[in-house]
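# Structural overview for review
Below are the chains, spelled out letter by letter.
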Amino acid sequence: MQNFAITRTALFAGLTCGLLLFIVVATNGCGGRSNADNEILIGEYSSLTGTTATFGTSTHNGLMLAVEEANAAGGVLGKKLKLLTEDDQSKPEEAASAVTKLINRDQVKGIIGEVASSRSLAAGPICQSNGVPMISPSSTNPRVTQVGDYIFRVCFLDPFQGEVIARFAFNSLKVKRVAILKDVKNDYSVGLAQFFGTKFKEYGGEIVAEQAYSEGDNDFKAQLTALKAANPDAIMVPGYYTEAALIVKQARDLHITIPFIGGDGWDSAKLLEIGGTAMENTYYSNHYATSDPNPVIQNFVTKYRAAHKETPDALAALGYDAGRIMIDAIQRAGSTDGAKIRDAIAATRSFPGVTGAINIDNERNARKSAVIIAIQSGQLTLKERIEPPSPVQ
Ligand code: PHE
(Lines give C-alpha, C1' and ligand atoms only; values in the text may rest on other atoms or scores of the structure.)
Protein backbone atom coordinates (compact mmCIF):
# COMPACT_ATOMS: atom_id res chain seq x y z
CA MET A 1 0.00 0.00 0.00
CA GLN A 2 2.69 2.31 1.06
CA ASN A 3 4.68 1.37 -1.99
CA PHE A 4 1.75 1.98 -4.25
CA ALA A 5 1.21 5.43 -2.67
CA ILE A 6 4.80 6.33 -3.33
CA THR A 7 4.56 5.09 -6.88
CA ARG A 8 1.41 7.06 -7.46
CA THR A 9 2.95 10.24 -6.08
CA ALA A 10 6.06 9.72 -8.16
CA LEU A 11 4.00 9.07 -11.25
CA PHE A 12 1.92 12.18 -10.63
CA ALA A 13 5.03 14.28 -10.03
CA GLY A 14 6.60 12.88 -13.18
CA LEU A 15 3.56 13.64 -15.27
CA THR A 16 3.28 17.15 -13.85
CA CYS A 17 6.92 17.83 -14.62
CA GLY A 18 6.54 16.49 -18.13
CA LEU A 19 3.48 18.62 -18.70
CA LEU A 20 5.18 21.70 -17.31
CA LEU A 21 8.23 21.05 -19.47
CA PHE A 22 5.97 20.69 -22.48
CA ILE A 23 4.26 24.01 -21.72
CA VAL A 24 7.61 25.79 -21.22
CA VAL A 25 9.03 24.42 -24.47
CA ALA A 26 5.85 25.12 -26.40
CA THR A 27 5.55 28.75 -25.31
CA ASN A 28 9.19 29.73 -25.20
CA GLY A 29 10.82 27.78 -27.97
CA CYS A 30 14.61 27.51 -27.73
CA GLY A 31 16.31 29.56 -25.05
CA GLY A 32 13.15 31.10 -23.63
CA ARG A 33 12.63 33.47 -26.56
CA SER A 34 8.92 33.59 -27.15
CA ASN A 35 7.38 34.91 -30.31
CA ALA A 36 3.87 35.22 -29.02
CA ASP A 37 1.29 37.00 -31.14
CA ASN A 38 1.00 39.78 -28.61
CA GLU A 39 4.69 40.74 -28.80
CA ILE A 40 6.93 42.51 -31.27
CA LEU A 41 10.51 41.26 -31.07
CA ILE A 42 13.40 43.72 -31.39
CA GLY A 43 16.94 42.33 -31.55
CA GLU A 44 20.08 43.88 -30.14
CA TYR A 45 23.68 42.78 -30.70
CA SER A 46 26.02 44.33 -28.27
CA SER A 47 29.46 44.08 -26.63
CA LEU A 48 28.32 43.13 -23.14
CA THR A 49 31.72 41.55 -22.49
CA GLY A 50 35.24 41.90 -23.93
CA THR A 51 37.49 44.90 -24.57
CA THR A 52 34.64 47.38 -24.99
CA ALA A 53 32.18 45.96 -22.45
CA THR A 54 31.05 49.38 -21.22
CA PHE A 55 29.96 50.33 -24.78
CA GLY A 56 27.53 47.40 -24.98
CA THR A 57 26.33 47.60 -21.38
CA SER A 58 25.53 51.32 -21.53
CA THR A 59 23.81 50.98 -24.91
CA HIS A 60 21.74 48.09 -23.61
CA ASN A 61 20.66 50.06 -20.52
CA GLY A 62 19.60 53.04 -22.63
CA LEU A 63 17.75 50.82 -25.07
CA MET A 64 15.95 48.94 -22.28
CA LEU A 65 14.75 52.26 -20.88
CA ALA A 66 13.23 53.15 -24.27
CA VAL A 67 11.51 49.74 -24.51
CA GLU A 68 10.18 49.88 -20.94
CA GLU A 69 8.81 53.38 -21.45
CA ALA A 70 7.07 52.36 -24.67
CA ASN A 71 5.56 49.29 -23.00
CA ALA A 72 4.43 51.33 -19.97
CA ALA A 73 2.67 53.67 -22.41
CA GLY A 74 0.73 50.75 -23.91
CA GLY A 75 3.23 49.28 -26.40
CA VAL A 76 3.14 49.57 -30.18
CA LEU A 77 0.42 48.49 -32.64
CA GLY A 78 -1.50 47.06 -29.69
CA LYS A 79 1.41 44.77 -28.74
CA LYS A 80 4.19 44.81 -26.18
CA LEU A 81 7.78 45.10 -27.33
CA LYS A 82 10.31 42.48 -26.31
CA LEU A 83 14.04 43.10 -26.55
CA LEU A 84 16.27 40.11 -27.32
CA THR A 85 19.95 40.82 -26.67
CA GLU A 86 22.95 38.85 -27.95
CA ASP A 87 26.45 39.46 -26.56
CA ASP A 88 29.05 39.67 -29.33
CA GLN A 89 31.99 39.76 -26.88
CA SER A 90 33.43 42.83 -28.65
CA LYS A 91 34.33 40.68 -31.71
CA PRO A 92 33.25 41.27 -35.33
CA GLU A 93 32.85 37.54 -36.13
CA GLU A 94 30.61 37.10 -33.07
CA ALA A 95 28.58 40.15 -34.15
CA ALA A 96 27.83 38.42 -37.45
CA SER A 97 26.70 35.20 -35.78
CA ALA A 98 24.65 37.10 -33.16
CA VAL A 99 22.70 38.85 -35.90
CA THR A 100 22.22 35.61 -37.82
CA LYS A 101 20.66 34.06 -34.68
CA LEU A 102 18.41 37.05 -34.04
CA ILE A 103 17.12 36.91 -37.62
CA ASN A 104 16.89 33.16 -38.28
CA ARG A 105 16.02 31.80 -34.86
CA ASP A 106 14.07 34.68 -33.32
CA GLN A 107 12.73 36.42 -36.43
CA VAL A 108 13.14 39.87 -34.92
CA LYS A 109 11.49 42.75 -36.78
CA GLY A 110 14.25 45.31 -36.28
CA ILE A 111 17.81 45.29 -34.99
CA ILE A 112 19.75 47.79 -32.85
CA GLY A 113 23.55 47.64 -33.04
CA GLU A 114 26.44 47.90 -32.98
CA VAL A 115 28.48 50.60 -31.29
CA ALA A 116 31.80 49.78 -32.96
CA SER A 117 31.99 50.44 -36.70
CA SER A 118 33.96 47.23 -37.43
CA ARG A 119 31.19 45.16 -35.82
CA SER A 120 28.38 47.04 -37.58
CA LEU A 121 30.26 46.44 -40.83
CA ALA A 122 30.48 42.69 -40.07
CA ALA A 123 26.77 42.29 -39.27
CA GLY A 124 25.14 44.95 -41.46
CA PRO A 125 25.27 42.88 -44.69
CA ILE A 126 23.31 40.09 -42.93
CA CYS A 127 20.52 42.51 -41.94
CA GLN A 128 20.54 43.95 -45.45
CA SER A 129 20.30 40.62 -47.26
CA ASN A 130 17.47 39.47 -44.96
CA GLY A 131 15.52 42.72 -45.27
CA VAL A 132 15.63 43.43 -41.52
CA PRO A 133 16.11 47.13 -40.69
CA MET A 134 19.15 47.88 -38.53
CA ILE A 135 19.86 51.09 -36.64
CA SER A 136 23.38 51.60 -35.33
CA PRO A 137 23.24 53.91 -32.34
CA SER A 138 26.84 55.05 -32.56
CA SER A 139 28.98 53.62 -35.39
CA THR A 140 30.51 56.68 -37.00
CA ASN A 141 32.54 55.26 -39.92
CA PRO A 142 30.97 56.38 -43.25
CA ARG A 143 30.96 52.86 -44.75
CA VAL A 144 28.53 51.48 -42.15
CA THR A 145 25.35 52.74 -43.82
CA GLN A 146 26.72 52.33 -47.36
CA VAL A 147 26.02 48.60 -46.96
CA GLY A 148 22.46 49.17 -48.15
CA ASP A 149 19.02 50.69 -47.73
CA TYR A 150 18.11 48.76 -44.57
CA ILE A 151 21.04 50.17 -42.58
CA PHE A 152 20.67 53.42 -40.61
CA ARG A 153 22.44 55.31 -37.86
CA VAL A 154 21.41 58.04 -35.40
CA CYS A 155 24.85 59.56 -34.77
CA PHE A 156 27.16 61.90 -36.67
CA LEU A 157 29.90 60.61 -39.03
CA ASP A 158 33.68 60.58 -38.75
CA PRO A 159 34.44 63.10 -41.52
CA PHE A 160 32.55 65.59 -39.32
CA GLN A 161 34.07 64.26 -36.09
CA GLY A 162 37.58 64.45 -37.60
CA GLU A 163 36.97 68.05 -38.61
CA VAL A 164 35.62 68.93 -35.15
CA ILE A 165 38.75 67.54 -33.47
CA ALA A 166 41.06 69.22 -36.01
CA ARG A 167 39.38 72.60 -35.58
CA PHE A 168 39.51 72.34 -31.80
CA ALA A 169 43.19 71.32 -31.85
CA PHE A 170 44.21 74.10 -34.24
CA ASN A 171 42.01 76.97 -33.04
CA SER A 172 41.44 76.31 -29.35
CA LEU A 173 44.42 74.26 -28.21
CA LYS A 174 46.55 76.18 -30.71
CA VAL A 175 48.75 73.20 -31.52
CA LYS A 176 50.51 73.07 -34.91
CA ARG A 177 52.44 69.78 -34.84
CA VAL A 178 50.40 66.68 -34.06
CA ALA A 179 51.42 63.00 -33.93
CA ILE A 180 48.88 60.17 -34.37
CA LEU A 181 48.73 56.75 -32.69
CA LYS A 182 45.96 54.63 -34.24
CA ASP A 183 44.52 51.10 -33.97
CA VAL A 184 45.19 49.58 -37.38
CA LYS A 185 42.69 46.73 -36.93
CA ASN A 186 39.79 49.07 -36.22
CA ASP A 187 37.86 50.68 -39.12
CA TYR A 188 36.75 53.58 -36.93
CA SER A 189 40.28 54.35 -35.75
CA VAL A 190 41.85 54.18 -39.21
CA GLY A 191 39.10 56.36 -40.69
CA LEU A 192 39.10 58.97 -37.95
CA ALA A 193 42.91 59.30 -38.10
CA GLN A 194 42.67 59.99 -41.81
CA PHE A 195 39.75 62.47 -41.62
CA PHE A 196 41.42 64.31 -38.76
CA GLY A 197 44.79 64.46 -40.55
CA THR A 198 43.35 65.80 -43.80
CA LYS A 199 41.43 68.59 -42.05
CA PHE A 200 44.25 69.46 -39.67
CA LYS A 201 46.59 69.97 -42.63
CA GLU A 202 43.96 72.07 -44.40
CA TYR A 203 43.85 74.35 -41.36
CA GLY A 204 47.65 74.77 -41.62
CA GLY A 205 48.78 72.15 -39.13
CA GLU A 206 51.29 69.35 -39.65
CA ILE A 207 51.13 65.61 -38.89
CA VAL A 208 54.70 65.04 -37.70
CA ALA A 209 54.59 61.28 -37.01
CA GLU A 210 52.27 58.28 -37.10
CA GLN A 211 52.43 55.00 -35.20
CA ALA A 212 50.13 51.98 -34.96
CA TYR A 213 48.86 49.42 -32.44
CA SER A 214 46.19 46.69 -32.39
CA GLU A 215 43.28 46.29 -30.00
CA GLY A 216 44.32 44.19 -27.02
CA ASP A 217 47.93 45.49 -26.96
CA ASN A 218 49.03 46.77 -23.59
CA ASP A 219 52.55 48.08 -24.04
CA PHE A 220 52.81 51.25 -26.09
CA LYS A 221 56.21 52.51 -24.92
CA ALA A 222 58.00 51.85 -28.23
CA GLN A 223 55.41 53.78 -30.27
CA LEU A 224 55.31 56.61 -27.73
CA THR A 225 59.10 56.93 -27.71
CA ALA A 226 59.11 57.17 -31.51
CA LEU A 227 56.36 59.82 -31.46
CA LYS A 228 58.16 61.84 -28.77
CA ALA A 229 61.26 62.00 -30.98
CA ALA A 230 59.24 63.91 -33.61
CA ASN A 231 58.63 66.65 -31.02
CA PRO A 232 54.85 67.06 -31.42
CA ASP A 233 52.69 69.70 -29.64
CA ALA A 234 49.92 67.11 -29.06
CA ILE A 235 49.21 63.41 -29.70
CA MET A 236 45.96 62.21 -31.24
CA VAL A 237 44.69 58.72 -30.27
CA PRO A 238 41.62 57.74 -32.30
CA GLY A 239 40.88 54.49 -30.47
CA TYR A 240 38.76 52.96 -27.72
CA TYR A 241 38.98 53.70 -24.02
CA THR A 242 40.93 50.66 -22.76
CA GLU A 243 43.95 51.28 -24.97
CA ALA A 244 43.59 55.10 -24.96
CA ALA A 245 43.79 55.24 -21.15
CA LEU A 246 46.83 52.94 -21.07
CA ILE A 247 48.54 54.96 -23.81
CA VAL A 248 48.12 58.24 -21.93
CA LYS A 249 49.24 56.64 -18.66
CA GLN A 250 52.39 55.19 -20.23
CA ALA A 251 53.08 58.50 -21.99
CA ARG A 252 53.04 60.37 -18.67
CA ASP A 253 55.49 57.74 -17.30
CA LEU A 254 57.76 58.64 -20.23
CA HIS A 255 57.42 62.33 -19.24
CA ILE A 256 55.30 63.18 -22.26
CA THR A 257 53.25 66.02 -20.74
CA ILE A 258 51.67 67.49 -23.91
CA PRO A 259 47.89 67.31 -24.51
CA PHE A 260 46.31 64.13 -25.85
CA ILE A 261 43.22 64.30 -28.03
CA GLY A 262 40.73 61.61 -28.99
CA GLY A 263 37.26 60.91 -30.32
CA ASP A 264 34.03 59.35 -29.06
CA GLY A 265 35.78 55.99 -28.57
CA TRP A 266 37.18 57.43 -25.32
CA ASP A 267 33.71 57.65 -23.83
CA SER A 268 33.62 55.32 -20.83
CA ALA A 269 33.77 55.64 -17.06
CA LYS A 270 36.71 53.23 -17.38
CA LEU A 271 38.82 55.91 -19.09
CA LEU A 272 39.35 57.77 -15.80
CA GLU A 273 39.38 54.56 -13.76
CA ILE A 274 42.29 53.19 -15.82
CA GLY A 275 44.05 56.46 -16.66
CA GLY A 276 43.58 58.29 -13.33
CA THR A 277 45.41 61.59 -12.98
CA ALA A 278 47.38 60.90 -16.19
CA MET A 279 44.19 61.93 -18.05
CA GLU A 280 44.56 65.61 -17.06
CA ASN A 281 45.21 67.79 -20.11
CA THR A 282 43.33 65.48 -22.47
CA TYR A 283 40.36 66.28 -24.72
CA TYR A 284 37.93 64.28 -26.81
CA SER A 285 34.92 64.78 -29.02
CA ASN A 286 31.62 63.21 -28.08
CA HIS A 287 27.89 63.07 -28.85
CA TYR A 288 26.54 64.81 -25.77
CA ALA A 289 27.58 66.10 -22.38
CA THR A 290 25.69 65.30 -19.18
CA SER A 291 26.59 68.74 -17.82
CA ASP A 292 24.48 70.30 -20.61
CA PRO A 293 21.58 72.21 -18.95
CA ASN A 294 19.17 71.36 -21.83
CA PRO A 295 16.04 69.95 -20.08
CA VAL A 296 15.72 67.02 -22.53
CA ILE A 297 19.22 65.92 -21.46
CA GLN A 298 18.64 66.60 -17.76
CA ASN A 299 15.37 64.61 -17.75
CA PHE A 300 17.08 61.63 -19.33
CA VAL A 301 20.03 61.85 -16.92
CA THR A 302 17.65 61.90 -13.93
CA LYS A 303 15.61 58.91 -15.20
CA TYR A 304 18.69 56.88 -16.07
CA ARG A 305 20.39 57.59 -12.75
CA ALA A 306 17.27 56.46 -10.89
CA ALA A 307 17.26 53.17 -12.82
CA HIS A 308 20.99 52.39 -12.94
CA LYS A 309 22.63 54.37 -10.12
CA GLU A 310 25.16 55.81 -12.54
CA THR A 311 25.50 58.71 -14.95
CA PRO A 312 24.58 57.80 -18.53
CA ASP A 313 27.46 58.11 -20.99
CA ALA A 314 26.87 58.97 -24.68
CA LEU A 315 26.35 55.29 -25.53
CA ALA A 316 23.42 55.07 -23.12
CA ALA A 317 21.90 58.22 -24.61
CA LEU A 318 22.40 56.97 -28.19
CA GLY A 319 21.01 53.52 -27.30
CA TYR A 320 17.92 55.24 -25.92
CA ASP A 321 17.57 57.46 -29.01
CA ALA A 322 18.08 54.53 -31.43
CA GLY A 323 15.46 52.48 -29.57
CA ARG A 324 12.93 55.30 -29.57
CA ILE A 325 13.43 55.89 -33.28
CA MET A 326 12.93 52.19 -34.08
CA ILE A 327 9.76 52.09 -31.95
CA ASP A 328 8.44 55.33 -33.46
CA ALA A 329 9.10 53.96 -36.96
CA ILE A 330 7.21 50.70 -36.26
CA GLN A 331 4.30 52.78 -34.98
CA ARG A 332 4.31 55.02 -38.07
CA ALA A 333 4.76 52.03 -40.40
CA GLY A 334 1.59 50.59 -38.88
CA SER A 335 3.10 47.17 -39.55
CA THR A 336 6.07 44.95 -38.73
CA ASP A 337 6.88 44.41 -42.40
CA GLY A 338 10.62 45.04 -42.92
CA ALA A 339 10.27 47.27 -45.98
CA LYS A 340 7.59 49.38 -44.30
CA ILE A 341 9.67 49.84 -41.14
CA ARG A 342 12.67 50.72 -43.33
CA ASP A 343 10.66 53.43 -45.11
CA ALA A 344 9.39 54.82 -41.81
CA ILE A 345 12.92 55.03 -40.36
CA ALA A 346 14.06 56.78 -43.55
CA ALA A 347 11.27 59.35 -43.09
CA THR A 348 12.39 60.31 -39.55
CA ARG A 349 12.52 64.12 -39.24
CA SER A 350 13.10 66.45 -36.29
CA PHE A 351 12.96 63.59 -33.81
CA PRO A 352 13.65 65.08 -30.35
CA GLY A 353 16.57 62.87 -29.27
CA VAL A 354 18.55 63.23 -26.06
CA THR A 355 21.61 63.56 -28.30
CA GLY A 356 19.98 66.33 -30.37
CA ALA A 357 17.30 66.61 -33.04
CA ILE A 358 17.55 63.60 -35.35
CA ASN A 359 16.89 63.89 -39.08
CA ILE A 360 17.64 60.88 -41.26
CA ASP A 361 19.15 62.02 -44.57
CA ASN A 362 19.14 60.33 -48.01
CA GLU A 363 22.19 58.30 -47.06
CA ARG A 364 20.44 57.01 -43.90
CA ASN A 365 22.69 59.06 -41.61
CA ALA A 366 21.99 61.71 -39.01
CA ARG A 367 23.64 65.15 -38.97
CA LYS A 368 24.08 66.31 -35.43
CA SER A 369 26.21 68.54 -33.26
CA ALA A 370 29.32 67.31 -31.46
CA VAL A 371 30.84 68.41 -28.18
CA ILE A 372 34.41 68.64 -26.97
CA ILE A 373 34.99 67.31 -23.46
CA ALA A 374 38.05 68.33 -21.43
CA ILE A 375 39.29 66.30 -18.49
CA GLN A 376 40.05 68.82 -15.79
CA SER A 377 40.64 68.05 -12.10
CA GLY A 378 39.27 64.55 -12.68
CA GLN A 379 35.99 65.90 -14.09
CA LEU A 380 34.53 65.78 -17.59
CA THR A 381 33.93 69.38 -18.61
CA LEU A 382 31.95 70.57 -21.64
CA LYS A 383 34.40 72.77 -23.58
CA GLU A 384 32.68 73.47 -26.89
CA ARG A 385 29.63 72.51 -28.93
CA ILE A 386 30.06 72.31 -32.71
CA GLU A 387 27.03 72.39 -35.04
CA PRO A 388 26.88 70.22 -38.19
CA PRO A 389 27.64 71.85 -41.56
CA SER A 390 24.14 71.74 -43.01
CA PRO A 391 20.73 70.58 -41.80
CA VAL A 392 18.77 67.89 -43.68
CA GLN A 393 15.96 69.28 -45.80
N1 PHE B 1 32.04 55.82 -33.01
C2 PHE B 1 32.70 54.61 -32.57
C3 PHE B 1 32.83 53.66 -33.76
O4 PHE B 1 32.25 53.84 -34.76
C5 PHE B 1 31.97 53.94 -31.44
C6 PHE B 1 31.64 54.78 -30.26
C7 PHE B 1 30.60 55.67 -30.29
C8 PHE B 1 32.36 54.68 -29.09
C9 PHE B 1 30.28 56.48 -29.20
C10 PHE B 1 32.04 55.46 -28.00
C11 PHE B 1 31.02 56.39 -28.04
O12 PHE B 1 33.52 52.68 -33.71
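Here is what the cut-offs are and how they apply
- Residues numbered from 1 in each chain as written.
- Predicted model: local features only at pLDDT ≥ 70, side-chain atom pairs only at ≥ 80, totals over all residues.
- Heavy atoms only, no water.
- Pairing = 2+ DSSP bridges.
- Helix = DSSP H or I, 4+ residues; strand = E, 2+ residues; numbered from the N terminus.
- Axes fitted to C-alpha atoms, helices over the stretch in contact; angles between N-to-C directions.
- Salt bridge = Lys/Arg side-chain N within 4 Å of Asp/Glu carboxyl O.
- Buried < 20%, exposed > 50% of the residue type's maximum accessible area, 1.4 Å probe, protein only.
- Core = buried A, V, L, I, M, F, W, Y, C linked by side-chain atoms within 4.5 Å.
- Domains from an automatic or database assignment.
- Near = heavy atom within 4 Å.
- Polar contact = N/O pair within 3.5 Å; in protein donor to acceptor, adjacent residues only side chain to side chain.
- Areas by Shrake-Rupley, 256 points an atom, 1.4 Å probe, with all protein chains shown as cover.
- Nonpolar A, V, L, I, M, F, W, Y, C, P; charged D, E, K, R; others polar.
- Contact = heavy atoms within 4.5 Å.

Ordered in space as β2-β1-β3-β4-β5, the five strands form an open sheet in which the pairing is parallel. With one partner strand each, in any of the chains shown, β2 (80–87) and β5 (151–153) form the two edges of the open sheet. Strand-to-strand twist in this sheet, taken as the mean axis angle between neighbours without regard to direction, amounts to 25°. In terms of strand pairing, strand β4 (residues 134–136) meets β5 through three bridges, oriented parallel.

With that settled, the discussion passes to the pattern of salt bridges. According to the stated counting rule, one finds 17 salt bridges in the structure shown. For Arg119, the salt bridge identified is with Asp88, shortest N-O distance 3.9 Å. Taken together, the residues Arg119 in helix α4 (residues 117–130) and Asp88 in the loop between β2 and α3 (92–104) connect sequence positions 31 residues apart. Neither residue differs from the other here; Arg119 and Asp88 are each classed as buried. Asp292 is the partner of Arg385 in a salt bridge, and the nearest nitrogen-oxygen pair spans 2.1 Å. Here Asp292 lies in the loop between β10 (282–286) and α11 (295–308) and Arg385 lies in strand β14 (residues 379–386), a separation of 93 residues in the sequence. A network of salt bridges, in which partner residues are shared, links Glu86, Lys101, Arg105 and Asp106.

A few words on the nonpolar core. Of all hydrophobic cores here, the largest spans 56 residues; its most connected members are Phe196, Leu224, Val237, Phe260, Trp266 and Leu271. Examining the composition of this core, we find that seven residues originate from one element, helix α6 (residues 158–172), more than from any other. When residues of this core are assigned to domains, at least three fall in each of domain 1 (33–156 + 295–360) and domain 2 (158–286 + 372–386). Core analysis: the second largest hydrophobic core is formed by 28 residues, Ile40, Ile112, Leu318 and Ala329 among them.

What follows is about the site of the ligand. What surrounds the ligand is a group of 13 residues, the closest being Ser117, Ser138, Thr140, Tyr240 and Asp264. In the environment of the ligand, an oxygen atom lies 2.5 Å from a nitrogen or oxygen atom belonging to the side chain of Ser117. A distance of 2.8 Å separates a nitrogen atom of the ligand from a polar side-chain atom of Asp264. For the ligand, whose free accessible area comes to 320 Å², the fraction covered by protein is 100%. The residue inventory of the shell around the ligand, partitioned by class, reads six nonpolar, six polar and one charged. If you count residues domain by domain, the shell around the ligand takes at least three from each of domain 1 (33–156 + 295–360) and domain 2 (158–286 + 372–386).

Strand order in the open sheet formed by seven strands is β7-β6-β8-β9-β10-β13-β14, with mixed pairing between adjacent strands. Each edge of the open sheet is held by one strand with a lone partner, namely β7 (206–213) and β14. On average, each strand axis in the sheet is inclined to that of its neighbour by 25°, with strand direction left out of account. Both strand β13 (residues 370–376) and β14 contribute to a ladder of seven bridges, which runs antiparallel. The residue bridging Ile372 from the neighbouring strand is Glu384, located in β14. Running over the sheet, α6 touches β8 (234–237), β9 (260–262), β10, β13 and β14 and is turned about 105° from β14.

Where strand β6 (residues 177–183) meets β7, seven bridges bridge the pair, whose relative direction is parallel. By the bridge assignment for β7, Lys182 is matched with Ala212.

Secondary-structure assignment places Pro159 in helix α6. Assessed through its relative accessible area of 33%, Pro159 is described here as partly exposed. Put simply, Pro159 and Ala193 are 34 residues apart on the chain and 9.9 Å apart in space, counted from C-alpha to C-alpha.

This part covers the side chain of Glu86. The residue Glu86 is located in strand β2 in this model. In terms of polar contacts, Glu86 uses its side chain to reach the side chain of Arg105, at 3.0 Å.

Another point: unusual backbone geometry. For the bond from Gly113 to Glu114, the omega torsion is -15°, close enough to zero to count as cis. Counting through the fold element by element, Glu114 comes out in the loop between β3 (110–112) and α4. Despite not being glycine, Lys174 has its phi angle at roughly 60°, a positive value. Here Lys174 shows up in the loop between α6 and β6. In the Ramachandran plot, Arg364 falls in the positive-phi region, its phi being about 65° despite a non-glycine side chain.

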